[in-house]
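Observations on chain architecture
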Amino acid sequence: MVLNLEPISVERDLLAPGHRLCAGCAETIVVRQILHAVGEPVIVASSTGCLEVATSPYPYTSWRVPWIHSAFENAASTISGVETMYRALVKRGKIEDKGLKFVVFAGDGATYDIGLQFISGAMERGHRFLYVCLNNEAYMNTGIQRSSATPFGAWTTTSPVGKETPGKTQHRKDITAIFAAHNIPFVAQAAPHAWRDLMSKAKKAIAADGPSFINVIVPCQRGWRYAPGDTIELSRLAVDTCVWSLYEVVDGEWRLNYYPNPKKPVTDWLKSQGRFQHLLKPENKHVVDILQAEVDRQWTKLLERCKVS
Amino acid sequence: MKRDPANNISVTGVPSPKSWREIPIGGVITDAGNSEEYHTGGWRSFRPIWDWQKCVNCKVCWIYCPDGSIRIRDGAVAGIDLDYCKGCGICSKECPHDAIKMIEESAAEAEAKVKQ
Amino acid sequence: MTLQKVKGIPVALEGDRAVAEAMRQMNPDVVAAYPITPQTEIVMRFSDFVASGEVETEFIPVESEHASMSACIGASAAGGRVQTASSGAGIALMWEVLWVASGSRLPIVMHVVNRSLSAPLNIHCDHSDSIGMRDAGWVQLYDEDVQEAYDNAIQVVRIAEHPDVLLPTIHALDGFILGHSVERLEKLPDEAVTEFIGTYTPAYPLLDVEHPLSYGPMDLQDYFFEHKRQQAEAMVHALDVVAQVAEEYGDLTGRYHSLIEGYRLDDADFVTVMLGSTVGTAKCAVDLMREQGVKAGLLKIRCFRPFPAAAVAEALADRKAIAVLDRSLSFGAQINPLCLEVIGALYSHGFAPKLINYVYGLGGRDTVPAQICEIYQELVRIDREGVTGSVLRYLAVRD
Ligand SMILES: Cc1ncc(C[n+]2csc(CCOP(=O)(O)OP(=O)(O)O)c2C)c(N)n1
Ligand code: SF4
Ligand code: SF4
């Protein structure tokens, strides 16, 4: 599946400008890329979070496709209902089958934490939808609170840096593997700088016969503390330092999509953002060591899963 | 684009006050994509200046712009939509051909005045 | 609509089964539900109908009640007919999204089988669950017996979907007391139900990709209040619609239930007011008191939301003494939810009869005619002595 920007760039964005996300926010970069890959006719559901509030301040909406938001935790159940009604009405001949596609955009808080059960339920039931986690590694909409996607050592407003704690004291959980363990047809991790990879994953995901999940890292200039213009560069750096790996699990088979060469040290990642500045102090070297060890451990595990030696 | 009068809003971005009898029920917005009437260009403190002579039309800026503000005309990049561009600088940073420069918005505005 | 009175089909069914049977006849597009005692019977029975192909409904076997209401919201916004059923803790778990359903003006129907709320854990009937959602913007009907559970189950669809209403709606039947009791009832022929509920044309179908809608936006100081004002107005319309649908249903079946119903009320001096199955018990007490020469009567509230204040005030205006029975407890309140409504109705219409409020039947505590007779005797005493005493009382709790 070779993607070319030539034909895509003449298509209309399905997300209108005039939305209120911060300058340089990666969330809408990803939404634009995914919606261009998926194409119409599509119905979108969102969880409460930055994307939702910034694209729908009444009476404005940035959505040029049907869109629904219900609450923070339940986007997967909401889309289950929409998708099921679609099947029901088509089956009963009340509407025509137009090949509608269903996509969820939700933050990491909505996905890793408060919505986990809802997503798990929807995946187990096998609704046909693509769930995209816009992973900025914290609850950004409410002011940068930690989530279970926040990395070890990161400063957030609920994992502050103090005498007793060097930022977050727990590692993030591996939600992508958790969803892969649901044995759904397509699961992947992606990053916006690698747009071709991301968009081809979105195409595969939406073509899958069943639920699919893509976890996308979305650098957040406000929450991570960096200059807005660096968003794409940070996406690239995340992948090159292996704090974020690009892979896909297709029908249970793990495939690595990118092998950084050289694999950069995690300190390069930490230096790039304000949320890690405290870790660069000599007294926190042990924290950095723990983090590097965890990144290495996860990377090795991933290589094993993908049978890359 | 035809606007649903029920969701009619002024271009200044200030919602015209409608009574509860005049708006659709349930908070439903019937006017898809009407946020384009809300111009976020005013947020900018830096402005991207695109140099058509350097541009090779690779569209890297287009795929990365969070605000859909890289104009495409007849299949080619045709500049920046300053109505929405928030001046993040991603396009400038990512352009492989150095075709977009960021300058201070105030300087750009001053220059524009002089030109007039 | 002109309906011909049809001949009913007599059956003996438990309340839950009667509701499931009504659901089968209504054949909704989507049902999303989760088991919880004493409602489980409905989900199980309906699953059978799905499995055997007796309905065309798509059933979503959700992983929780929050998900069931969330899926109902998605399905209803999509643009079809949606139903669910729940009880007690299940409704409590839905709390947040009950408001999303009403705020988004989605005519979802929920069959509620009343159950108390933990702790301590109790699976039996009181009205804490449905009364707990009284401010969530749902129309609420209460069922007196299994027949009415069946009848209301069908009427709520018409109420919810009425273009002037478009509000989610419940009808509530008392857990176990009605839910698991076999009673004789008359059901309608399938075609009569189909015809009565008619077809549903959604006002704002999300699935219409030609006219893309945004549902559930962020709505701040500018318009949120206007949207709430619309909801309040829809409740005003619902009052008329509940009565009108009841009238039509009465023409079809010969069973007319309206917003409120009196029993031996016309000349009654002493009146009890209540919701749900206890009405049947209290009717028996009324007869016993009448035999003793006490002019007892009762007022059944069928429609609790919207509250038919004018009708209630008119029905109660000139009585000598009134007792309002609440099957839920609003801790710390001077009086409890139903009584609060009744007093509000009387006061706003310029009446102030002597009135007391009983909390009864919490956690399924049995309420028998003798206890209600005692309430009437207390009303007689209050009238005779002219002293009301404590307004808030507890029926049949050990001291
Ligand atoms: C039940 C509930 N709890 C808490 C909130 C408050 N809340 C709204 S958005 C949000 C965080 C969103 O974080 P995330 O999902 O990571 O998305 P982001 O805003 O970072 O894109 C929180 C805590 C809520 N709306 N609902
Ligand atoms: S500066 Fe940012 S918002 Fe403006 S055109 Fe460039 S990428 Fe888009
Ligand atoms: S990235 Fe640069 S070269 Fe490529 S299209 Fe944009 S401005 Fe032109």
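The model shown is predicted, which means the values in this text are computed figures rather than measured ones.

Turning next to the pattern of salt bridges. Inspection of the entire model under this criterion finds 57 salt bridges over all chains. Among the salt bridges present, the one from Arg 71 of chain B reaches Asp 81 of chain B, with a minimum N-O distance of 3.8 Å. In this pair, Arg 71 of chain B sits in strand β2 (residues 70-73) while Asp 81 of chain B sits in the loop between β3 (76-80) and α2 (90-94), placing the two residues 10 residues apart along the sequence. As a salt-bridge pair, Glu 144 of chain C and Lys 283 of chain C come within 2.8 Å of each other at their nearest N and O atoms. Residue Glu 144 of chain C is found in the loop between β6 (139-142) and α6 (146-161), and its partner Lys 283 of chain C is found in helix α9 (residues 278-291); the two are separated by 139 residues along the sequence. Judged by its relative accessible area of 11%, Glu 144 of chain C is buried.

This next bit is on the site of ligand 1. As a structural note, the neighbourhood of ligand 1 is formed by 18 residues, with Glu 27, Cys 50, Gly 109, Ala 110 and Met 140 of chain A the closest of them. Nearby residues place ligand 1 at the junction of chains A and C. One of the backbone nitrogen or oxygen atoms of Cys 50 of chain A is found 2.8 Å away from an oxygen atom of ligand 1. Within the complex, the protein chains bury 77% of what would otherwise be the 590 Å² of accessible surface of ligand 1. Per-element accounting of the shell around ligand 1 gives the leading share, four residues, to helix α5 (residues 108-114) of chain A. A breakdown of the residues in the shell around ligand 1 according to their chemical character gives seven nonpolar, seven polar and four charged.

Between chain A and chain B, the residue contacts involve 39 residues of the former and 41 residues of the latter. For the pair chain A and chain B, the summed buried surface comes to about 3,300 Å²; carbon and sulfur atoms form 58% of the total. Between the two partners, chain A and chain B, sit five salt bridges. Notably, a salt bridge pairs Lys 93 of chain B with Glu 233 of chain A, separated by 3.8 Å at the nearest N-O pair. Counting across the interface, chain A meets chain B through 22 residue pairs in polar contact (both at pLDDT 80 or more). Among the secondary structure elements, those contributing two or more residues to the side of chain A that touches chain B are α1 (5-8), α2 (26-38), α8 (195-207) and α10 (231-240) of chain A. Sorting elements by how many residues they give to the side of chain A that touches chain B places α2 of chain A first, with five residues.

Let us look at the pairing of β6 of chain C. Residues and elements named next belong to chain C. Residues Val 139 and Leu 141 line one face of β6 and the alternating positions Gln 140 and Tyr 142 line the opposite face, and both faces are buried. Across four bridges, the pairing between β6 and strand β7 (residues 169-174) is parallel. Each residue of the ladder has a partner; that of Leu 141, found in β7, is His 171. Chirality of the crossover, the property in question, places the unit of β6, α6 and β7 among those that are right-handed.

Looking now at the site of ligand 2. Around ligand 2 sit 13 residues, and of these Cys 65, Cys 85, Cys 88, Gly 89 and Cys 91 of chain B come closest. Looking at the shell around ligand 2 residue by residue, the class counts come to eight nonpolar, three polar and two charged.

To continue, consider the interface of chain B and chain C. Between chain B and chain C, the residue contacts involve 15 residues of the former and 17 residues of the latter. The junction of chain B with chain C conceals about 1,500 Å² of combined surface from both sides, 67% of it contributed by carbon and sulfur atoms. Summed over the three residues of chain B that lose the most area to chain C, namely Trp 20, Ile 25 and Val 28 of chain B, the buried surface amounts to 41% of that side. Remark: the boundary between chain B and chain C carries zero salt bridges. Taken together, the connections running from chain B to chain C amount to four residue pairs in polar contact (both at pLDDT 80 or more). Its residues assigned to classes, the side of chain B that touches chain C comprises nine nonpolar, five polar and one charged.

Attention now moves to the confidence of the model for chain B. The share of residues in chain B with pLDDT of 70 or more is 86%, and the mean pLDDT across the chain is 89. Between residues 1-12 of chain B, whose pLDDT stays under 50, and residues either more than four places distant or in other chains, the model counts 32 contacts.

Attention now moves to the side chain of Ser 56 of chain A. With respect to the helices, strands and loops of the structure, Ser 56 of chain A is situated in the loop between α3 (50-55) and β2 (67-69). Looking at Ser 56 of chain A, the relative accessible area reads 0%, which means it is buried. Excluding anything up to four places from it in sequence, Ser 56 of chain A contacts Thr 61 and Trp 67 of chain A together with Pro 217 and Met 218 of chain C.

All names here are of chain C. Extensive coverage of strand β12 (residues 296-301) is indicated by the burial of six of its six residues. Of the two faces of β12, both are covered, the one formed by Ala 296, Leu 298 and Lys 300 as well as the one formed by Gly 297, Leu 299 and Ile 301. In this sheet, β12 lies alongside strand β10 (residues 260-263) in antiparallel orientation, the contact comprising four bridges. Residue pairing in the sheet places Glu 261 in a bridge with Lys 300 of β12. In terms of strand pairing, strand β11 (residues 270-274) meets β12 through five bridges, oriented parallel. Each residue of the ladder has a partner; that of Thr 272, found in β12, is Leu 298. Each parallel crossover has a hand, and for β11 linked through α9 to β12 it is right-handed.

What follows deals with helix α10 (residues 309-316) of chain C. All names here are of chain C. If you check which residues of α10 are buried, you get Val 312, Ala 313, Ala 315 and Leu 316. Looking straight down α10, one finds that the buried residues subtend no more than 165° of arc, so they occupy a single side. On the buried face of α10, the contacting elements are β10, β11, β12, β14 (321-326) and α11 (337-348).

Time to look at the sheet that holds strand β5 (residues 109-114) of chain C. Residues and elements named next belong to chain C. Read across the sheet, seven strands follow the order β3-β2-β4-β5-β7-β6-β13 without closing on themselves; strand pairing throughout is mixed. Each edge of the open sheet carries a strand with a single partner, namely β3 (58-60) and β13 (303-305). On average, each strand axis in the sheet is inclined to that of its neighbour by 20°, with strand direction left out of account. Inspection of the sheet shows strand β2 (residues 30-32) paired to strand β4 (residues 82-86) by two bridges, in the parallel sense. The residue bridging Val 30 from the neighbouring strand is Val 82, located in β4. Against the sheet, helix α2 (residues 40-51) engages β2, β3, β4 and β5, with an angle of about 140° to β3. Sheet strands in contact with helix α8 (residues 224-253) are β6 and β13, and its direction is about 35° off that of β6.

With that settled, the discussion passes to helix α1 (residues 15-26) of chain C. Residue and element names in this part refer to chain C. Over its 12 residues, α1 extends 16 Å from the first C-alpha to the last, a length consistent with the 16 Å expected when each residue adds 1.5 Å. Taken together, the buried positions of α1 are Gly 15, Asp 16, Ala 18, Val 19, Ala 20, Glu 21, Ala 22, Met 23, Arg 24, Gln 25 and Met 26. Residue Asn 27 follows α1 closely and has a positive phi angle near 50°.

Turning to the nonpolar core, a few remarks are in order. Residue and element names in this part refer to chain C. One finds Met 69, Met 110, Trp 138, Leu 207, Val 273, Leu 299 and Val 342 to be the most contacted residues of the largest nonpolar core, which totals 128 residues. Split by domain, the residues of this core number at least three in each of domain 1 (9-253) and domain 2 (260-394). Non-local contacts of Trp 138, meaning those with residues more than four positions away in its chain, are made with Met 69, Leu 98, Ala 101, Ser 102, Ile 108, Met 110, Met 133, Pro 168, Thr 169, Ile 170, Met 235 and Arg 305.

Residue Pro 38 of chain C is bonded to the preceding Thr 37 of chain C through a cis peptide linkage, with omega at 5°. Omega for the peptide link from Ala 119 of chain C to Pro 120 of chain C comes to -5°, which places this bond in the cis form. Mapped onto the secondary structure, Pro 120 of chain C falls in the loop between β5 and α5 (128-132). Its identity is not glycine, yet Asp 74 of chain B carries a phi of approximately 50°, on the positive side. Mapped onto the elements of the fold, Asp 74 of chain B is located in the loop between β2 and β3.

Parameters at a glance
Residues numbered from 1 in each chain as written. Chains lettered and ligands numbered in written order. Predicted model: local features only at pLDDT ≥ 70, side-chain atom pairs only at ≥ 80, totals over all residues. Heavy atoms only, no water. Salt bridge = Lys/Arg side-chain N within 4 Å of Asp/Glu carboxyl O. Helix = DSSP H or I, 4+ residues; strand = E, 2+ residues; numbered from the N terminus. Buried < 20%, exposed > 50% of the residue type's maximum accessible area, 1.4 Å probe, protein only. Near = heavy atom within 4 Å. Polar contact = N/O pair within 3.5 Å; in protein donor to acceptor, adjacent residues only side chain to side chain. Areas by Shrake-Rupley, 256 points an atom, 1.4 Å probe, with all protein chains shown as cover. Nonpolar A, V, L, I, M, F, W, Y, C, P; charged D, E, K, R; others polar. Contact = heavy atoms within 4.5 Å. Buried area = accessible area lost by both parts, 1.4 Å probe. Pairing = 2+ DSSP bridges. Right-handed = clockwise from strand over helix to strand, strands pointing away. pLDDT = per-residue confidence, 0-100. Arc of directions from axis to C-beta. Axes fitted to C-alpha atoms, helices over the stretch in contact; angles between N-to-C directions. Expected span 1.5 Å × (residues − 1). Core = buried A, V, L, I, M, F, W, Y, C linked by side-chain atoms within 4.5 Å. Domains from an automatic or database assignment.

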